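The lines below spell out each chain.
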Amino acid sequence: EVKDLGFNAFRDAHQPHNLRYGDRIQEEGLLWWPQFSAHIWYDTPQFRESFKRHLVQWVKERRNNPAVVLWGLQNESTLPKDFAEECSNIIRQLDPTCGRDRLITTCNGGEGTDWNVVQNWSGTYGGDVNNYGNELKRPDQLLNGEYGAWRTLGNHSANGYTEEKQADLLEKKCQQAESVRDSICGQFLWLLNTHDNPGRRQPDEAYRRIDKVGPFNYKGLVSPWEQPVSSYYMYKSRYTPFEKEPVCYIVRDQYEGVKLNNGVIDSLRIYSNCPEVKLLDADGKEIAKMQKPANSTLFVFKKIKVDHTTLLKAEGEGVYDEISISDGKNLIDSSDEGGVLRINCGGDELGVFIQDPTPSFPASQCYDAT
């Protein structure tokens, strides 16, 4: 999935991952930035001894993997400088390539290693995203350890953390970084897969009731059940060469359709790496077409008039996507595919959550499926 989206490097987040990650990263030809720990420090002899003992094991397990380019000692480090220096010396003793081929890092805080890599969240936590490229070029940055944006899965309204807002901000940061690509090392997206975040409340804690299942970090390109969001297709279309794999994806509405207003679709977003995208009705009649925008893979069709069709098809060279049309109240589904099925396996009974396709219906219903 990482390589499929055009990424060429992987950063662990933020603790040691299963060693199979490293095997797969090496097989796929990706660069690897493993992380040992995150913002934890207890000033006791027992903690120091345990930390160093596990650090030795961690390095030995990974040092022979040629994919490793950086050693991540701690994210948002709270380690005292002298202890971080002691740990860095341990890594250097175990890995003689340090200082030449690999640097030891903290990320977003900390002293005592070779490099404290910044985390630049301009546009998400304040700051001006339009200045992001200039910020990356500064000598104290050069590599961005984290950037990202909030989103609520399926939210395509004008309110809250919509998928569109996330995708547009991430695209802007890609454009900015690419504009200074000869002066920087790169940037790491936070994050691939939305994950639970026990003990940490997030802003607004999600827009819809179905998302309020506990503290989660809602920045992933895919949901916990691996359902892609709009940003997933932004990256795939931007960094997958057209010659290798044509991409064409219509951004779905919250209820897996496209809303029709008095025979007109106000705005339709399509991600594609094709030179041109055509819109066709259910009979194959061309409704509209658009050339690929400059420095973007987002095609935005405005005020599309649709007559007597239950299906809309976006077609690029060698690839297409199709979607059902909604009249604003009920989904006119032209296929056998319904809503999104989610299984809750947390209790003694099995609950099946079905996202109903009608906006006036509650966001989810639980049906006894024992």
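See the structure above.
The rules we used
Residues numbered from 1 in each chain as written. Predicted model: local features only at pLDDT ≥ 70, side-chain atom pairs only at ≥ 80, totals over all residues. Heavy atoms only, no water. Salt bridge = Lys/Arg side-chain N within 4 Å of Asp/Glu carboxyl O. Helix = DSSP H or I, 4+ residues; strand = E, 2+ residues; numbered from the N terminus. Buried < 20%, exposed > 50% of the residue type's maximum accessible area, 1.4 Å probe, protein only. Polar contact = N/O pair within 3.5 Å; in protein donor to acceptor, adjacent residues only side chain to side chain. Contact = heavy atoms within 4.5 Å. Pairing = 2+ DSSP bridges. Axes fitted to C-alpha atoms, helices over the stretch in contact; angles between N-to-C directions.

> What am I meant to see in the pattern of salt bridges here?
Any two side chains of opposite charge can pair if their charged atoms end up close together. Within the structure shown, the criterion is met by 18 salt bridges. Across the pair D101 and R100 runs a salt bridge, and its minimum N-O distance is 2.9 Å.

> Just checking my understanding: could you explain unusual backbone geometry for this structure?
It is generally the case that most residues other than glycine have a negative phi and that most peptide bonds are trans. The linkage connecting A13 with the following residue, H14, adopts the cis geometry, with an omega of -20°. In this fold, H14 is placed in the loop between strand 1 (9-11) and helix 1 (19-28). A cis geometry characterises the amide bond from W190 onward to L191, with omega recorded as 10°. When you line up the elements, L191 lands in the loop between strand 7 (186-189) and strand 8 (195-196). Positioned with a positive phi, N295 is a non-glycine residue whose angle comes to about 55°. Note on placement: N295 falls in the loop between strand 14 (286-291) and strand 15 (298-305). Even without being a glycine, K303 presents a positive backbone phi close to 50°. The residue K303 is located in strand 15 in this model. Classification of K303 by relative accessible area gives exposed; the value is 59%.

> For this particular structure, what's the right way to read helix 1?
Spacing of three or four residues puts side chains on the same side of an α-helix, whose turn is 3.6 residues. Capping the start of helix 1 is the job of one residue whose side-chain oxygen sits 2.8 Å from the backbone nitrogen of R20: N18. Note on helix 1: the residue one or two positions beyond its end, G29, has a positive phi of about 75°.

> How should I be thinking about helix 6 (residues 230-239) in this particular structure?
For helix 6, a buried count of nine out of ten residues is recorded, marking the element as mostly surrounded by other parts of the structure. When we look at burial in helix 6, the residues that qualify are S230, S231, Y232, Y233, M234, Y235, K236, S237 and R238. Of the surrounding secondary structure, the elements contacted by the buried residues of helix 6 are strand 6 (143-147), helix 5 (163-179), strand 7, strand 10 (248-250) and strand 12 (264-272).

> Before we go on, may I ask you to explain the pairing of strand 12 in this structure?
Inspection of the sheet shows strand 10 paired to strand 12 by three bridges, in the antiparallel sense. Across the sheet, Y249 pairs through a bridge with Y271, a residue of strand 12. Pairing between strand 12 and strand 15: seven bridges, direction antiparallel. For Y271, the partnering residue across the bridge sits in strand 15 and is L298.

> I tried to follow the sheet that holds strand 15 on my own but got confused; where do I start?
Strands belonging to one sheet form pairs held by backbone hydrogen bonds; the direction of such a pair is parallel or antiparallel. The strand order 10-12-15 describes an open sheet built from three strands, whose pairing is antiparallel. Because the sheet does not close on itself, it has two edges, and the strands there are strand 10 and strand 15. The sheet shows a mean angle of 25° between the axes of neighbouring strands, taken without regard to direction. Seen against the sheet, helix 5 touches strand 12 and strand 15 and runs at an angle of roughly 45° to strand 12. Set on the sheet, helix 6 makes contact with strand 10 and strand 12; between it and strand 12 the angle comes to about 50°.

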